[in-house]
Amino acid sequence: MPGKLFPVGGPVSEKDIVDREDFITSLQIRLGDGQSVMLAGPRRIGKTSIAYEVLRRLKEQGFYTASVDFFRLSNKREFAVSLINACLENRTGIRKTLDVLKDRAKAIAGMAKLTIKLEDLEFGFGFLHGEPDENALLDYALDLPEILATRDGRNMVVLFDEFQDASRVVSQEEIYKKMRSHFQNHKNVSYLFLGSKEGIMKALFSNRKEAFYRFAVILPIPPIPEDSWVTYITRKFAEQNIEVDSEITRGILQKTGGHPQDTMLVCSEIYYALLEAGKNTVTPKFVQLGYDRALLILAQIYDEILDELSQKSHVREVLKRIAAGNRVYSRKANPNEIKRALDYLMAKAIIEKDGRGSYRFVEPMFQEYILGEHR
Ligand SMILES: Nc1ncnc2c1ncn2[C@@H]1O[C@H](COP(=O)(O)OP(=O)(O)O)[C@@H](O)[C@H]1O
Ligand SMILES: [Mg+2]
């Protein structure tokens, strides 16, 4: 039974990250050199995959690394504990050091050793006996990367994923100011911030009045070149003794626009359709079958996106017109409002301007979905 041939869902590992090599190297060098970096982009384009791979390589180089995903957290204490655990893992080699230390019932044999490993980090007694105040815990957590790096003579890189959710997690806007006030004193730590709400992320890092102004360099995430996809898809199918010629592969990419997750999903559905039929050549028929199935799976995600977008007025009608290839401005609607809807959709990376000043969908399958809705 072959594993998942085309992985779809969470972050993918090195061998399934198509292209991105130069970008990963560039991030590795910048972060390794102490520069903090911010990457913003819509969900499902491969931010987390890139970040995990960069951290893996830095770790191999001898860096301490830690990652915290705000999407998974629900309150201040969880944030603090998650950051502390991620930091301590560099010394203890276990993922939830605090839990192990607290769990006296389990009192594992290695407990004494573990305590010794952490002796100099000044969190011994107060933290383990009695519940420390969550604010004190957070203050401690926010400085731990620097303390740890200094004590151990290492450099450290910390990843914050879905960073725009931090204010939701601790339910206060000031969290960003607080974080900055700690991080700006860190000499041996660089930070990698990822966010899927581009508008919020860009404001946070590039508005003079915002907390993270000039704290990190903002890099655009490059698209994946078509040739890299062709090579990857051909190799993957070949590994399963499945034939696919490059014209067919380019046809797949035309349908997906090379969007990372959409392309993976279509290929994956083609693969399963072939397995079911007991065939080993990708033909146009199987491409269509895989595409249709992928679109059904994506419908759920697209519904959610559409729900969110539709909170702004005129968004739906503008999307419909662009999808159908019609003019976006109509006699009925106020042109300023249409313009606002267009700007909003561009800021959300749903549409982009092409060379001739008209608009197109970033994700062709989303366009297809919108068209299908109104057939
Ligand atoms: N470079 C890539 N090459 C191939 N597929 C990718 C790549 N980046 C992302 N994907 C696909 O997109 C999915 C989501 O990737 P992820 O890193 O979680 O994106 P994000 O963090 O931007 O939401 C992956 O499961 C994979 O199917
Ligand atoms: Mg992600």
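Residues numbered from 1 in each chain as written. Chains lettered and ligands numbered in written order. Predicted model: local features only at pLDDT ≥ 70, side-chain atom pairs only at ≥ 80, totals over all residues. Heavy atoms only, no water.

Per an unreviewed UniProt entry, the protein chain is named ATPase domain-containing protein, and its organism is Desulfofundulus australicus DSM 11792.

K.L.:
Help me understand the environment of Lys 4, please; the structure alone is not making it clear to me.
P.N.:
You can see Lys 4 is positioned in the segment before helix H1 (21-32). Separated by 211 residues in the primary sequence, Lys 4 and Phe 215 have C-alpha atoms spaced 39 Å apart. (Helix = DSSP H or I, 4+ residues; strand = E, 2+ residues; numbered from the N terminus.)

K.L.:
Before we go on, may I ask you to explain the packing of helix H15 (residues 315-324) against helix H17 (residues 364-373) in this structure?
P.N.:
For any two helices packed against each other, one specifies the crossing angle of their axes together with the interaxial distance. Across the interface, H15 lies against H17 with an axial gap of 9 Å and an inter-helix angle of 105°. On the basis of the axis angle, H15 is roughly perpendicular to H17. Contacts between H15 and H17 involve Arg 316, Leu 319, Lys 320, Ile 322, Ala 323 and Ala 324 on the former and, on the latter, Gln 367, Ile 370, Leu 371 and Glu 373. (Axes fitted to C-alpha atoms, helices over the stretch in contact; angles between N-to-C directions. Parallel < 35°, antiparallel > 145°, perpendicular 65-115°, else oblique. Contact = heavy atoms within 4.5 Å.)

K.L.:
Please explain the pairing of strand E4 (residues 189-195) as it appears in this structure.
P.N.:
Within a regular strand, the side chains alternate between the two sheet faces. Summarising burial for E4: seven of the seven residues are buried, a large majority. Across the two faces of E4 the burial is the same, with Val 189, Tyr 191, Phe 193 and Gly 195 and Ser 190, Leu 192 and Leu 194 all buried. (Buried < 20%, exposed > 50% of the residue type's maximum accessible area, 1.4 Å probe, protein only.)

K.L.:
Explain the pairing of strand E1 (residues 37-40) to me, please; I cannot follow it from the model alone.
P.N.:
With burial as the criterion, each face of E1 is covered, one bearing Val 37 and Leu 39 and the other bearing Met 38 and Ala 40. Across four bridges, the pairing between E1 and E4 is parallel. Considered in E4, the bridge of Ala 40 is made with Gly 195. Where E1 meets strand E5 (residues 217-218), two bridges bridge the pair, whose relative direction is parallel. Paired with Met 38 across the two strands is Ile 218, which belongs to E5. (Pairing = 2+ DSSP bridges.)

K.L.:
What's the story with the site of ligand 1 in this structure? I'm lost.
P.N.:
The environment of ligand 1 is made up of 23 residues, and the closest members are Pro 7, Gly 10, Arg 44, Thr 48 and Ser 49. Here a nitrogen atom of ligand 1 sits 3.4 Å away from a polar atom, N or O, in the main chain of Asp 16. For ligand 1, whose unbound accessible area comes to 560 Å², protein coverage reaches 95%. Mapped by element, the contributors of at least two residues to the shell around ligand 1 are helix H2 (47-60) and helix H13 (260-277). (Near = heavy atom within 4 Å. Polar contact = N/O pair within 3.5 Å; in protein donor to acceptor, adjacent residues only side chain to side chain. Areas by Shrake-Rupley, 256 points an atom, 1.4 Å probe, with all protein chains shown as cover.)

K.L.:
In this structure, what is going on with the packing of H1 against H2? I would like to understand it.
P.N.:
The geometry of H1 relative to H2 is characterised by a closest axis approach of 9 Å and an angle of 55° between their N-to-C directions. Taken together, H1 and H2 sit at an angle that is classed as oblique. In the crossing of H1 with H2, the sense of the turn from one axis to the other is right-handed. Touching Glu 21, Phe 23, Ile 24, Thr 25, Leu 27, Gln 28, Leu 31 and Gly 32 of H1 are Ile 50, Glu 53, Val 54, Arg 57 and Leu 58, all from H2. Per-class residue counts for the contact of H1 with H2 are seven nonpolar, three polar and three charged. (Left-handed = near helix turned anticlockwise from the far one by under 90°. Nonpolar A, V, L, I, M, F, W, Y, C, P; charged D, E, K, R; others polar.)

K.L.:
Is there a simple way to think about the side chain of His 259 in this case?
P.N.:
Among the secondary structure elements, His 259 is positioned in the loop between helix H12 (246-256) and H13. Residue His 259 is classed as buried on the basis of its relative accessible area, which comes to 7%. Looking at His 259, its side chain comes within polar contact range of the main-chain nitrogen of Asp 262, at 3.2 Å. For His 259, the residues in contact, after removing those within four places along its chain, are Arg 44, Ile 45, Trp 229 and Glu 363.

K.L.:
Sorry if this is basic, but what is going on with the packing of aromatic side chains here?
P.N.:
Any aromatic ring pair is given by two values, namely how distant the centres are and how the planes are angled relative to each other. Throughout the structure, instances matching the rule amount to 29 aromatic pairs. The interplanar angle of 85° and the centroid separation of 5.3 Å between the aromatic rings of Phe 163 and Phe 212 together place this pair among those described as edge-to-face. Taken as a pair, Phe 163 in the loop between strand E3 (156-161) and helix H8 (166-170) and Phe 212 in the loop between helix H10 (198-206) and E5 lie far apart in primary sequence, 49 residues in all. By relative accessible area, Phe 163 is classed as buried at 0%. On the basis of relative accessible area, Phe 212 is assigned to the buried category, the value being 0%. Ring centres of Phe 193 and Phe 215 lie 6.0 Å apart, and the angle between their planes is 70°; on these two criteria the pair is classed as edge-to-face. Taken as a pair, Phe 193 in strand E4 and Phe 215 in the loop between H10 and E5 lie far apart in primary sequence, 22 residues in all. (Phe/Tyr/Trp six-rings, centres within 6.5 Å; stacked < 30°, edge-to-face > 60°.)

K.L.:
Please clarify how the nonpolar core should be interpreted in this entry.
P.N.:
Proteins that are soluble and globular tend to have nonpolar side chains buried together. Phe 237, Ile 270, Val 282, Leu 319 and Phe 366 are the most contacted members of the largest nonpolar core, which has 53 residues in total. The element best represented in this core is helix H14 (residues 284-309), accounting for 10 residues. Contact partners of Val 282, with chain neighbours within four places excluded, come to Phe 237, Ile 242, Glu 243, Val 244, Ile 248, Ile 270, Leu 274 and Val 287. (Core = buried A, V, L, I, M, F, W, Y, C linked by side-chain atoms within 4.5 Å.)

K.L.:
What should I look at first to understand a negative patch on the surface in this one?
P.N.:
A cluster of acidic residues, Asp 303, Glu 304, Asp 307 and Glu 373, forms a negative patch at the surface. Sort the elements by how many residues they give to the negative patch and H14 lands first, with three residues. Mapped onto the elements of the fold, Glu 304 is located in helix H14. (Patch = residues over 30% accessible without salt bridge, like charges linked within 9 Å, V, L, I, M, F, W, Y side chains within 5 Å. Salt bridge = Lys/Arg side-chain N within 4 Å of Asp/Glu carboxyl O. Lys, Arg positive; Asp, Glu negative; His and termini not counted. Charge placed at Lys NZ, Arg CZ, Asp CG, Glu CD.)

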